[in-house]
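One-letter residues, chain by chain:
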Amino acid sequence: MKRAFPVLVVLSLILLAYASYRALVVAPTDALQGEVYRIIYYHVPSAWTAFLLFFINFIASVQYLAEGKASTRSAGKWVAIGVGVAGAVVAFVVPMPAGIRPSAIATTMLAIPAFYLFLGKYFPGEKLDVLAVTAAEVGVVFCTIVLVTGPLWARPVWGIWWAPGDIRLTSTLVMWLIYVSYLMLRRFSNSAQTQTLAAALAVFGALDVPLVYFSIWFFRTQHPQPVIGGGGSMDPRMLDTLMLSWTAFLFFGFLVCWARYRLELMRRQVEEAEALEALLDDTTEPVRYRRSAS
Amino acid sequence: MNSVHYLYAALAATAVIHFSYIGILVRRYLRLQSQIKGMEKDG
């Protein structure tokens, strides 16, 4: 896998360059907004990637909390399956607001047990915590892009940088702040309970993610309606470019996560080795002292 | 400011944020490498 990394980096750069070419040159110009609409090719894929990473952080955090005892581990698995299946059924039974496809909700709900079982199998024990911090940190990077590119689009189109009180914008900013505080907690707390506290914060913080996503359906907001799954229409060439751009961002995000994950594992190994060394030094110190004293 | 400048600003901001983060990761990696070397030297 290590050998494949440089090859995948080159592939990712080629994909990003091609997606940028399609976004800036090939995709047609929007009749109403002009050239500035092309910001969506960076803004929307960044938002989707951030949502996915925060979702991974949530699943990994829940599973990390459930890993403590054998009984909670087994219960967590069945709760995830139950929530996924029940959510998928409810999506088709309960009438949804106009524009929300029940199949999209059902797929998202079924993704919960699928991710839960996948992460449990391939990221056992401490690796779940490493994955959670990785997903949160890279998610914050993508969310930062969303918060920077959004106002850059809004200024020429709306005439303002930010719409104060708008639920989509405010909830996105709150989501970013929650995950930044999650990372701050991990960075500056030395308590033995830090990982558990961070996992609990991630579980509550994740409640904001669906609020951000569904706010444009349930609340009056200045933010544009979604172009996919929201009843809106988009030129097929624009849609192709958007999906290509998202693929490129996902691929790049995956590689960054991979690098960050390995770095975190390495950091913990070094920390453990240093702690062990310090412990050995402490135990040998009196011996050294007695030798020098005699 | 022409609206196309906002597009270039967004593109530049996206690139700067990504490359800054990669720079942070590289710096952390180099710091860990020097820590490992220091530990190896100490035995």
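Structure's up top.
What counts as what
Residues numbered from 1 in each chain as written. Chains lettered and ligands numbered in written order. Predicted model: local features only at pLDDT ≥ 70, side-chain atom pairs only at ≥ 80, totals over all residues. Heavy atoms only, no water. Helix = DSSP H or I, 4+ residues; strand = E, 2+ residues; numbered from the N terminus. Buried < 20%, exposed > 50% of the residue type's maximum accessible area, 1.4 Å probe, protein only. Areas by Shrake-Rupley, 256 points an atom, 1.4 Å probe, with all protein chains shown as cover. Core = buried A, V, L, I, M, F, W, Y, C linked by side-chain atoms within 4.5 Å. Contact = heavy atoms within 4.5 Å. Patch = residues over 30% accessible without salt bridge, like charges linked within 9 Å, V, L, I, M, F, W, Y side chains within 5 Å. Salt bridge = Lys/Arg side-chain N within 4 Å of Asp/Glu carboxyl O. Expected span 1.5 Å × (residues − 1). Phe/Tyr/Trp six-rings, centres within 6.5 Å; stacked < 30°, edge-to-face > 60°. 1 Å grid on protein atoms, 1.4 Å probe; cavity = no way out; pocket = protein on both sides within 12 Å on 5 of 7 lines; lining within 4 Å. Points joined across faces, edges and corners; volume = space filled by probe spheres on them. Nonpolar A, V, L, I, M, F, W, Y, C, P; charged D, E, K, R; others polar. Axes fitted to C-alpha atoms, helices over the stretch in contact; angles between N-to-C directions. Left-handed = near helix turned anticlockwise from the far one by under 90°.

Colleague: Give me the lowdown on the overall build of chain B, citing residues and values where you can.
Modeller: Of the regular secondary structure elements, chain B holds one helix and zero strands. Each of the three principal axes of chain B carries a C-alpha extent, and together these read 60 × 10 × 5 Å. The buried share of chain B, taken over its 43 residues, is 28%. On chain B, roughly 2900 Å² of surface is accessible, and the fraction owed to carbon and sulfur atoms is 62%.

Colleague: For the nonpolar core, give the residues involved together with the corresponding values.
Modeller: Residues and elements named next belong to chain A. By size, the foremost hydrophobic cluster in this structure holds 66 residues, and its most contacted members are Y41, F54, L119, M175, Y179 and Y182. Broken down by element, the residue count for this core peaks at 14 residues, all from helix α2 (residues 40–66). Residues within four places of F54 in sequence aside, it is in contact with A136, G139, V140, C143, M175, Y179 and V209.

Colleague: How would you explain a nonpolar patch on the surface if you had to name every residue and give the values?
Modeller: Residues and elements named next belong to chain A. Taken together, V85, V89, V90, F92, V93, V94 and L110 make up a surface patch of nonpolar side chains, about 630 Å² in accessible area. Sorting elements by how many residues they give to the nonpolar patch places helix α3 (residues 70–93) first, with five residues. For V85, the position within the fold is in helix α3.

Colleague: Tell me about α3(A), and name the residues and values.
Modeller: An ideal rise of 1.5 Å per residue puts 34 Å on 24 residues; α3(A) measures up with 35 Å between its terminal C-alpha atoms. Taken together, the buried positions of α3(A) are occupied by A:G76, A:A80, A:G84, A:G87, A:A88 and A:A91.

Colleague: I'd like to hear about the packing of aromatic side chains, residue by residue, with values.
Modeller: Where two aromatic rings form a pair, the distance of their centres and the angle of their planes describe that pair. All names here are of chain A. Throughout the structure, instances matching the rule amount to 16 aromatic pairs over all chains. When the centroid spacing of 6.4 Å and the interplanar angle of 55 degrees are considered together, the rings of Y42 and F249 count as tilted. You can see Y42 sitting in helix α2 and its partner F249 sitting in helix α9 (residues 236–293), a full 207 residues away along the chain. No difference in accessibility class separates Y42 from F249, as the two residues are buried. Residues Y213 and F214 carry aromatic rings whose centres are separated by 5.1 Å and whose planes lie at 85 degrees to one another, so their mutual orientation is edge-to-face. These aromatic residues form a ring-pair network of at least three members: F5, F254 and W258.

Colleague: Tell me about empty space enclosed by the protein, residues and numbers included.
Modeller: Taken as a whole and assessed by the stated rule, the structure comprises one cavity of 30 Å³ or more. Each pocket or cavity is described by its volume, and for the largest cavity that value is around 40 Å³. As for the largest cavity, its lining consists of A:V138, A:V141, A:F142, A:F252, A:V256, B:H18, B:Y21 and B:I22. Secondary-structure elements contributing two or more residues to the lining of the largest cavity are α5 (126–158) and α9 of chain A together with α1 (3–42) of chain B. Residue composition of the lining of the largest cavity, by class: seven nonpolar, one polar and no charged.

Colleague: Describe the packing of α5(A) against helix α6 (residues 167–188) of chain A, and please don't skip the residues or the numbers.
Modeller: All names here are of chain A. Interaxial distance between α5 and α6 falls to 9 Å at its minimum, and their mutual angle equals 145 degrees. The element α5 and its partner α6 pack so that their crossing is left-handed. In this structure, α5 contributes D129, A132, V133, A136, E137, V140, C143, T144, V146, L147 and W158 to the contact, and α6 contributes L169, T172, L173, M175, W176, Y179, V180, Y182, L183 and R186. In terms of residue class, the contact of α5 with α6 is built from 16 nonpolar, two polar and three charged.

Colleague: Which residues make up α2(A), and what are the values?
Modeller: Taking 1.5 Å as the rise per residue, α2(A) with 27 residues should run 39 Å; its terminal C-alpha atoms sit 38 Å apart, in good agreement. Of all 27 residues that make up α2(A), 22 are buried, and the element is covered over most of its length.

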